[in-house]
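Summary of the model geometry
Okay, here's what each chain looks like letter by letter:
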Amino acid sequence: MTDTDAVTRFEAGLADVREAFGSAFGEAADEQSLRAANAKLTGPEGTLTKLMKLMREVPGDRRREFGQAANALKEEVAAAFDGALVALAQAEREAELAAPHIDVSLPGRRPKPGRLHPITRVTIELVDIFTALGFDVAHGPEIDLYEYNFDKLGFPPDHPATDMQDSFFVKSDGARSMLRTHTSTIQVREMLKRKPPLAIVAPGAVYRRDDDITHSPMFFQIEGLLVDEKVSFADLKGVLTRFAQRLFGPDVGVRGRPSYFPFVEPGAEIDISCVFCKPWEGDAARTAACRVCKGTGWLEILGCGMVHPVVFESVGYDPEKYTGFAFGLGIDRIAMLKYGISDIRMLYENDARFLEQIG
Amino acid sequence: MLASYNWLVELTGVTASPREVADKLTGGGLEVEAFETRGEGLDSVVIAEVRSKTKVPDKDKLSHVVVFDGEGEVDVICGAANVPDPGRRVLFARVGSVLPNGMEIGERKLGGVLSRGMICSEVELEIGTGAEGIFVVPADIEAAPGTPIADALGLRDTIFELGLTPNRPDGLGHIGLARDVAVHFGQTFTPPAPPEPARRGDGELGVSIEVADADRCPRYGAGLVRGVTLGPSPFWLRYRLHCLGLRAIHNVVDATNYVLLEHGHPTHAFDQASVRKRAIVVRLATDGEKMTTLDEVERTLTADDLLICDGEGPVAVAGVMGGANSEIGDATSDVLVECAYFAPRSVRRTGRRLGLHTDASHRFERGVDPNGVPRVLARTTQLIADLAGGAVIGAGVDENAQPIAPPVIDFRLDRCDALLGFETAPAEAVRIFEGLGFSVEKTGERTFRVTVPTFRPDISREVDLTEEVLRFRGFPLVPTTIPHVRPSADGTPLEVRFDRLTRGIAAIAGLYEAVNYAFVSRPELAAARAPEASVILENPLSEDRSVMRTSLLPGLAAAAGRALRRQVQRVTLFEVGNTFTATDGDLPREDQSLAFILAGPREAWIGDGEAFDFYDGKGFIEAIVGPLCLSAPVFSIDDELSEKAPWFHPRRRAAVAVQIDGEHIALGSLGELHPEVAEALDLDTRAIYAELSVPALFRARQAVGDPQASALPRFPAVNRDIAMELDEEHSAGVVADAIRYAAGDLVEQVRLFDLYRGEQVAAGKKSLAFRVTYRDPAATLTDKKVDKAHARAAKAMKAQFAATVR
């Protein structure tokens, strides 16, 4: 190869590039093809790059001149490329802004949260009401000693009072044990463990041998217990009234009547105003037709009473010094009332479509 | 317990309405759950006199009867065989009457005669159970034709349905109820003393009585009525029994039932002639001893069952049911009446064992009045004599081997006031106690000594008297106060709070909470390859729920299967619950777990994604454990899972743990269910399951303590990618670790961003691409430094994994 050849080729090359780059950049419809066109010129194998490599063959006296020309062209190309890039971005943005509207009716993308079970929701609500009043929360075992479930709570041996709580027993060679029939076992355990003053609520699963549309063999209760000096029945009524109104609204009334649970004396059953027909709104016809309260305007929701001295004696508290109250209510029952669930079994089928309605 | 308003009015003289009486009873703790009026709606059923009766020609069974209904003579066709002679009276439903069963009486042509009305039986009017024909009005009932039968027969009453608590056996008789009613309405109640029987005979019982077990039979009374004639009881008594749910049988049994409802104390009538060897012995059975009870069932007894025997063998299970052999029959002439007090616990145990619950056992096991025995016995024998004729033989027997004394209780009104939260005047307390039949002795200004008769076994201590004050003063009087709850040093255990957090985070992560029964069946556990149950129920409701679960899998799998069969597309359920394991101690161990199951397609933006796989489960665990324990979970292949968790697919499962300051805390395991297990659990799709220990999660959270903040980086990071092709056997985690190690301290993060298997790579190979983030915390990185580190990583890939780096 001769110097003259190199000079000729160099000049021709420069002329070609100068002629071609403008249209090459102008024809590129998107960034990718623009970059490809640029690479053809300035990439490692590009025309311009190759031309620069030819410089070594150009005679020394022409190198300066040619170098300047080549560099000037390179800058020109770079500037054109930048310009074309900006123009493309501009065109793209304009196109996007002028494009048809997106379909806003397509579903949204979202992290889909799950649901808490209605039992858990109600438990949380109940626990929060009582903890706000100063109660602690306690748990206990689901399988417990017969002694804790009945004897220590003052159930007389072989007494029909135990019929109210038909029990599941566990096969055992040792002490007689059973699935707890009420959360009152936790009362006993906490009192044996702690000294007064004592204020606890204790939620949990309990078990009784019943199975029909309103009874599930496993269900949930929450137990409340307050022991201190000078606790009175009026305190019990006050706490339960506060609870009912927090849970169901300020218009809800509370009434009670004496009843019998071996571990309290006096014992009582508590009704609240029917939360379905809302008798406080004065629509007597609606109440008369109400199927939930059977027209009475009242719903029975819990049992309660003053802690029986026999219970204090069985856990080593002085019944002359301390008094207390206890109450127990069915969480399932509250959930059914609150959420209008008519069949208790729905709570234990765990159908997502049901859980979604409430959780 | 059913109670008659009329009867209570007769006993107390109270004039309040049935509604008022019911409200008071309920307010006092004897809950009236429902009440029903009787004798209503029968206004056009009247007394009518038969004027003539003739057979309808060619219709043997039909009579043409002319009755006078007070207004005129009416033709009726009657199919009954016992139409009485002219002059006698019948119950006549005029045209237009509606019978209780809804039948409306109209005019009908029968046997060529227009029948205008109907002559009725007890059953048709629902006033009794006599179905042998029409009701013929007895001569002693005075009522002119045309009188509505409700008036003529005294049918109007209100029946209360009481839901009595088991501590109030006195409420199982009208006298006990009347006591409460009287106090509620300020009346003085005096229980009726049994009047002298019409005829009193001389002589002895003719039978010897021996009580061999005085503990179980502290008191035993017996009386004799000689020369009775069995027959129907008078209508008023039959009607009362009928309204109160008992069937009229014959006068002797009706008398004992009537006294049962009156005093709440069961008695038993034997045919005296059938008492063999003229001896009654009250003794325990021997193990295996047999007798046939009235219901014709042969019972096998134990040495814990009390029997009434004659000289040859058992004639009754004490307090529960009589025997077939001593039953009163048509031939009975002399009736031996037993009135006893049996120990409640004994009766209860026997009743439970035999599966027998009778009107008698119901009362004995709650405790009848031991000291009521003489009065109830006298009342029963007198009533039998009144109804069935015969003479009450004077010298009865009253074996009071173990007298039960009424308790004497010191009562402090101040304490009562403090407990109830309102004040009661001493005179008011005395009025209540005395009204209830207690005797009160004043021991101070505001203290009393109260003797409580044995008909109220529920009252044995001071606080029981306080309850009586509340019962009669009423719940509405109780003020409402909010107690000042003193804080307890113990507070709420952290574990209890953690429980709520666990559920909340699982739900936020996208899981739905399930609550399943804690009892399952053995086959379910076997299908889940869960540990065999060790906590077994003694008396399950069914085999399906006979053992306590050892795994949450059966419950969740059942819920998932149910949902899928109901065409719920996607199952993402979790449960927080206990599993149970027997121990050497008194109680089983209860382990709380958090488990979840995933089945179906994962959520996609539009349409469905692919079926859930292991990595979805891993994602949920990361989403739960991260925020819950403030620590990232680590997943490892653990060969021990073959044994410890055989329910998983052997190639698609992992042990889950956290590493905290070098401490390894195992949390549980995760995996795809073994296809055979999924099949056995009736899931016709692959499912992902995980079970984590809640106490372990709690321990992990405790171990982490308070997370410590560090300053955010001030210098920029540089990203470099590295892509390679290598053998399948190398796990992405191991490769990432090798990159980190080889590239050195400047590495901040190594993140897999592409995984490819397929046409572009050779079989048995995969392509992995990682983005490595480099950062120098103290300076801006130079390309040179990064290039060097990244080159080390590439070299290590070739050396360690024979990877082709691209």
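Residues numbered from 1 in each chain as written. Chains lettered and ligands numbered in written order. Predicted model: local features only at pLDDT ≥ 70, side-chain atom pairs only at ≥ 80, totals over all residues. Heavy atoms only, no water.

On to the pattern of salt bridges. Residue and element names in this part refer to chain B. Inspection of the entire model under this criterion finds 84 salt bridges over all chains. Note that Arg 38 is salt-bridged to Glu 36, the shortest N-O span being 3.6 Å. Here Asp 616 makes a salt bridge to Arg 602, at a shortest N to O gap of 2.9 Å. Here Asp 616, found in helix α17 (residues 614-629), pairs with Arg 602, found in strand β32 (residues 601-603); they are 14 residues apart in sequence, far enough to count as distant. (Salt bridge = Lys/Arg side-chain N within 4 Å of Asp/Glu carboxyl O. Helix = DSSP H or I, 4+ residues; strand = E, 2+ residues; numbered from the N terminus.)

Residue and element names in this part refer to chain B. Judged by pairing direction, the sheet is antiparallel, and its three strands sit side by side in the order β1-β11-β2 without closing on themselves. Lying at the two open borders of the sheet, with one neighbouring strand each, are β1 (2-4) and β2 (31-38). Mean inter-strand twist for the sheet, computed between neighbouring axes without regard to direction, equals 30°. Pairing of β1 with strand β11 (residues 157-163) involves three bridges; the strand directions are antiparallel. If you follow Leu 2 over to β11, its bridge partner there is Glu 161. On the sheet, helix α2 (residues 18-27) packs against β2 and β11 and is oriented at approximately 165° with respect to β2. Across the sheet, helix α6 (residues 235-243) touches β1, β2 and β11, and the angle it forms with β2 is around 135°. (Pairing = 2+ DSSP bridges. Axes fitted to C-alpha atoms, helices over the stretch in contact; angles between N-to-C directions. Contact = heavy atoms within 4.5 Å.)

Here we take up the sheet that holds strand β24 (residues 408-412) of chain B. Residues and elements named next belong to chain B. What the three strands build is an open sheet, ordered β24-β26-β25; its pairing is antiparallel. Every interior strand has two partners, whereas the edge strands, β24 and β25 (439-442), have only one. The average undirected angle you get between the axes of adjacent strands in this sheet is 25°. Where helix α13 (residues 462-473) meets the sheet, it contacts β24 and β26 (447-451), and its direction lies at approximately 65° from that of β24.

What follows deals with the domain arrangement of chain B. All names here are of chain B. Domain annotation for chain B reports domain 1 (2-39 + 157-184), domain 2 (45-152), domain 3 (200-400), domain 4 (408-473), domain 5 (494-704) and domain 6 (718-805). Spacing between the C-alpha centres of domain 1 and domain 4 amounts to 22 Å. Residue-level contacts link 10 residues of domain 1 with 10 residues of domain 4. Remark: the boundary between domain 1 and domain 4 carries two salt bridges. Here Arg 456 ties to Asp 170 by a salt bridge, and the two come within 4.0 Å at their closest N and O atoms. Taken together, domain 1 and domain 4 are joined by three residue pairs in polar contact (both at pLDDT 80 or more). Residue composition of the side of domain 1 that touches domain 4, grouped by class: two nonpolar, four polar and four charged. (Domains from an automatic or database assignment. Polar contact = N/O pair within 3.5 Å; in protein donor to acceptor, adjacent residues only side chain to side chain. Nonpolar A, V, L, I, M, F, W, Y, C, P; charged D, E, K, R; others polar.)

On to the interface of chain A and chain B. Opposite the 98 residues of chain A that make contact, chain B presents 82 residues. Buried surface at the junction of chain A and chain B, summed over both partners, amounts to about 8,000 Å²; 58% is from carbon and sulfur atoms. By the criterion of area lost to chain B, the three top residues of chain A are Asp158(A), Lys237(A) and Pro258(A), representing 8% of everything that side buries. Between the two partners, chain A and chain B, sit 12 salt bridges. Among the salt bridges present, the one from Glu538(B) reaches Arg176(A), with a minimum N-O distance of 3.6 Å. Where chain A packs against chain B, one counts 39 residue pairs in polar contact (both at pLDDT 80 or more). Examining the composition of the side of chain A that touches chain B, we find that eight residues originate from one element, helix α8 (residues 233-248) of chain A, more than from any other. Tallied by class, residues from the side of chain A that touches chain B come to 47 nonpolar, 20 polar and 31 charged. (Buried area = accessible area lost by both parts, 1.4 Å probe.)

Here we take up the nonpolar core. One finds Met218(A), Phe243(A), Phe327(A), Tyr348(A), Leu553(B), Ile597(B) and Tyr689(B) to be the most contacted residues of the largest nonpolar core, which totals 136 residues. Sorting elements by how many residues they give to this core places α8(A) first, with nine residues. Judged by nonpolar contacts, the second largest core, of 106 residues, contains Ile47(B), Tyr239(B), Met291(B) and Ile384(B). (Core = buried A, V, L, I, M, F, W, Y, C linked by side-chain atoms within 4.5 Å. Buried < 20%, exposed > 50% of the residue type's maximum accessible area, 1.4 Å probe, protein only.)

This paragraph deals with the environment of Val127(A). Looking at where Val127(A) falls in the secondary structure, it is placed in helix α5 (residues 118-132). In this structure Val127(A) comes out as buried when scored by relative accessible area, which is 7%. For Val127(A) and Gly224(A), which are 97 residues apart along the polypeptide, the C-alpha to C-alpha distance reads 9.8 Å. If near-sequence neighbours (up to four positions away) are discounted, Val127(A) is found in contact with Val137(A), Pro203(A), Ile222(A) and Arg500(B).

Bringing unusual backbone geometry into the picture now. One can expect most non-glycine residues to show negative phi and most peptide bonds to be in trans. Residues Pro196(A) and Pro197(A) are joined by a peptide bond in cis, for which omega reads 0°. Checked against the element boundaries, Pro197(A) lands in the loop between α7 (184-193) and β5 (198-207). Of note, the amide linkage connecting Glu265(A) to Pro266(A) takes the cis form, showing an omega dihedral of -5°. Among the structural elements, Pro266(A) can be located in strand β8 (residues 264-273). Positive phi outside glycine occurs at Ala802(B), with the angle close to 50°. Along the chain, the position of Ala802(B) falls in the loop between α22 (783-801) and β41 (804-805).

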